[in-house]
Amino acid sequence: MVDQVYIDGSWETVATDETITVYDPSTENVLGEVPAAGDTEVAAAAEAAAAAQSDWGLRSAPERAELIDDILTVVREHRDELASLLTAEVGKPTSAAQDELDFALEIGDYAVGGGRRIEGDVLPANSQSEKVTIERHPHGVVSCIVPWNFPVWIFIRKVAPALVTGNTVVAKPSSNTPLATHRLVELIDEEVDLPDGVLNFLTGHGSDLGDSMVSDGNVDMVSMTGSTGVGRQIAQTAAESLIPASLELGGKAPAIVWKDADLDAAVEDLITARVSNTGQICTCAERIYVHSEVAEEFTEKYVAAAEDITIGDPRDDPDIGPQVSEGELESTHQAVETATAEGARVLTGGNPPEGEEFENGYWYTPTVLTDVTQDMEIIQEEVFGPVSPIIEIDSMDQALEYANDSEYGLSSYLFTNNYRLVNRIADELEFGETYINRTLGEEAQGHHIGWNNSGLGGNDGEDGKYGLLKYTKIKTLYQNYEDPAGTQ
Ligand code: NAP
């Protein structure tokens with residue numbers, strides 16, 4: 001039982017005695033409990049963060065970066081322990097949990113380097129002996145709201161750039177998966193010399209404390225990754241408080257496989273892009289549009305690849321483990337049932353796997369669907385599970401029309417050897433990122449940004465220089481350095 005939350009450098013008991021039970025999705029066994037913090041704890045955490053911010057923000061950025069680097073050392077030195085917590089609470093295979101920590105280290109390293117790259121501008125002024133200087137300043141207190149699919153990676157992805165740019169933080173994990181980040185904060189408390197109040201950490205239901213994490217008068221910015229519905233609520237509250245919101249929301253990535261593509265490579269990349277993390281990634285390739293001239297061969301190979309995916313106890317390191325919760329499993333299965341009721345045909349999968357070892361837990365077999373049409377729910381709604389609907393297309397006009405026919409605009413994929421098509425896609429595909437002839441996976445120096453209902457667009461995405469600078473606000477200095485007395 002983890003019974004406290006972290007406020008102002010101390011572990012505090014929450015005002016109510018409510019707790020949240022955390023389950024192992026591969027067995028349904030109870031893993032532990034965390035306290036359900038509420039508005040009282042948000043107010044205390046935000047006040048502590050605001051009090052700590054003025055000193056923290058005045059430290060030099062490289063000095064702050066050294067402390068972020070110490071946090072990364074903690075992640076590195078406790079990689080196995082943190083990975084086993086991720087495996088237990090998310091159901092990730094061991095090597096995928098270790099990969100998640102490596103992503104966290106990579107993104108954290110970028111933020112550490114960012115301590116030397118918070119760049120402004122110096123511009124010529126209208127008058128002699130004057131210049132215009134544009135500086136970057138921290139917003140103040142940032143609320144960081146993290147989803148369950150990559151608890152540690154997304155925690156570091158938000159907290160590291162927020163802190164290095166001089167903000168202080170109130171962070172909250174998902175109620176499904178609070179244990180690995182809770183342990184990480186315990187280790188940070190023990191091993192890193194962060195000033196009190198710079199990092200605060202609350203477990204609690206988003207539906208209870210989420211609103212005050214945005215509306216509290218001490219909060220100056222919110223950075224949230226999660227579903228579009230919750231993102232929309234947060235945007236409304238942030239608008240009321242007139243604070244910036246950075247929202248990384250749902251996706252429905254299309255994958256276009258053109259007739260000249262290397263089909264074996266496309267199949268290998270796309271099956272990975274669909275089933276990784278048991279299909280529970282916002283960048284997953286969720287709908288495949290394949291040219292009719294190669295559709296039969298592609299589909300045959302893709303089905304074989306889906307049937308090769310191993311599924312089982314995540315501690316045995318199969319390709320995929322269970323889904324994170326009963327709710328996620330039910331919504332995957334419901335999506336497949338609805339699709340078949342609408343006329344889709346299951347080529348493989350379509351059910352939980354059989355066997356004694358799957359009697360408990362939230363398992364679903366990699367599933368491939370054909371006879372799918374563009375208007376079906378399986379093509380329009382996000383499906384966070386290992387399900388691949390395939391549609392044939394005859395032209396790039398049609399592929400683009402179908403791909404863009406979505407409320408989402410996060411990730412997309414193209415497989416072709418035709419450079420003209422690559423450039424056409426860059427012009428016409430309405431998604432914030434496109435993977436060309438490769439599988440999923442953002443890089444720390446890129447920029448992960450959702451268009452349409454996948455986020456707010458603009459430059460407010462994660463990673464790279466834009467992801468760093470979104471944690472800053474601009475100040476302009478108009479400087480006159482004329483010496484009227486002529487004494488110098
Ligand atoms: P979610 O239900 O929206 O939850 C995300 C976070 O928001 C959790 O910490 C949740 O807390 C919190 N929350 C819930 N209600 C809230 C409220 N009213 N105010 C403030 N915070 C609130 O999403 P999820 O199910 O954890 O994650 C899956 C979704 O995230 C998918 O749609 C996926 O596509 C998206 N995602 C997007 C990206 C990206 O980069 N674009 C990356 C990963 C995931 P509780 O857990 O306590 O409810």
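Residues numbered from 1 in each chain as written. Predicted model: local features only at pLDDT ≥ 70, side-chain atom pairs only at ≥ 80, totals over all residues. Heavy atoms only, no water.

The name given to the chain in an unreviewed UniProt entry is Putative aldehyde dehydrogenase, with Natrinema versiforme JCM 10478 as the source organism. Under the UniProt heading Subunit (unreviewed entry), the note attached to the chain is "Homotetramer." As stated in UniProt under Sequence similarities (unreviewed entry), the record for the chain gives "Belongs to the aldehyde dehydrogenase family." (UniProt positions renumbered as here; feature names shortened; annotations may be inferred.)

Asker: Please explain the overall build of the chain as it appears in this structure.
Answerer: In terms of regular secondary structure, the chain is built from 15 helices and 21 strands. Its C-alpha atoms give the chain a radius of gyration of 24 Å, within 12% of the compact-globule value 23 Å for 488 residues. Expressed along its principal axes, the backbone C-alpha trace of the chain runs to roughly 85 × 60 × 40 Å. Counting only residues that meet the buried cut, the chain has 56% of its 488 residues in that class. Of the contacts made within the chain by residues no fewer than 6 positions apart, 72% connect residues no fewer than 24 positions apart. Put simply, the chain shows about 20100 Å² of open surface, and 43% of that area lies on carbon and sulfur atoms. Between the mean site of the 28 positive side-chain charges and the mean site of the 88 negative ones, the chain shows a separation of 8 Å. (Helix = DSSP H or I, 4+ residues; strand = E, 2+ residues; numbered from the N terminus. Rg over C-alpha atoms; globule rule 2.2 N^0.38 Å. Buried < 20%, exposed > 50% of the residue type's maximum accessible area, 1.4 Å probe, protein only. Contact = heavy atoms within 4.5 Å. Areas by Shrake-Rupley, 256 points an atom, 1.4 Å probe, with all protein chains shown as cover. Lys, Arg positive; Asp, Glu negative; His and termini not counted. Charge placed at Lys NZ, Arg CZ, Asp CG, Glu CD.)

Asker: Please clarify how the pattern of salt bridges should be interpreted in this entry.
Answerer: One side chain can pair with another of opposite charge once the charged atoms of both are near each other. By the definition in use, this model includes 19 salt bridges. Of the charged contacts, one joins Glu63 and Arg59 as a salt bridge, the two residues approaching to 3.7 Å between their closest N and O atoms. Glu63 gets classed as partly exposed once you look at its relative accessible area, which sits at 36%. Note that Glu428 is salt-bridged to Arg424, the shortest N-O span being 2.9 Å. Within this pair, Glu428 and its partner Arg424 are both found in helix α14 (residues 419-428), separated by four residues, close to a single helical turn. By relative accessible area, Glu428 is classed as partly exposed at 35%. On the basis of relative accessibility, which here comes to 25%, the residue Arg424 falls in the partly exposed class. Taken together, the shared-partner salt bridges in this structure form one network comprising Asp24, Asp313 and Arg315. (Salt bridge = Lys/Arg side-chain N within 4 Å of Asp/Glu carboxyl O.)

Asker: How do you make sense of the site of the ligand when you look at a structure like this?
Answerer: What surrounds the ligand is a group of 31 residues, the closest being Val146, Ser175, Ser227, Leu249 and Glu382. Ser175 places a side-chain nitrogen or oxygen 2.4 Å from an oxygen atom of the ligand. Here the ligand loses 88% of its free accessible area of 900 Å² to cover by the protein chains. Residue composition of the shell around the ligand, grouped by class: 13 nonpolar, 15 polar and three charged. For the shell around the ligand, the two domains that each supply at least three residues are domain 1 (5-249 + 455-476) and domain 2 (253-436). (Near = heavy atom within 4 Å. Polar contact = N/O pair within 3.5 Å; in protein donor to acceptor, adjacent residues only side chain to side chain. Nonpolar A, V, L, I, M, F, W, Y, C, P; charged D, E, K, R; others polar. Domains from an automatic or database assignment.)

Asker: Explain the sheet that holds strand β15 (residues 367-370) here, please?
Answerer: Strand pairing in a sheet takes place through backbone hydrogen bonds and is either antiparallel or parallel in direction. An order of β14-β15-β16-β13-β12-β18-β19 is seen for the seven strands of this open sheet, with the pairing classed as mixed. Edge positions in the sheet fall to β14 (345-348) and β19 (433-436), since each of these pairs with one other strand and no more. Adjacent strand axes in the sheet meet at a mean angle of 25°, parallel and antiparallel pairs treated alike. Its contacts with the sheet place helix α13 (residues 396-404) against β12 (253-257), β13 (285-291), β16 (387-393) and β18 (411-415), and it is angled at close to 145° to β16. (Pairing = 2+ DSSP bridges. Axes fitted to C-alpha atoms, helices over the stretch in contact; angles between N-to-C directions.)

Asker: Got a minute to help me understand the UniProt feature "active site" (unreviewed entry) in the chain in this structure?
Answerer: Following the UniProt record, one finds the feature "active site" (unreviewed entry) at Glu248. For Glu248, the location among the structural elements is in strand β11 (residues 245-248). Residue classification places Glu248 among the buried residues on the basis of a relative accessible area of 4%. Ignoring anything within four residues of it in the chain, the contact list for Glu248 reads Met224, Thr225, Gly226, His448, Ile449, Gly450, Ser454, Asp460, Gly461 and Glu462.

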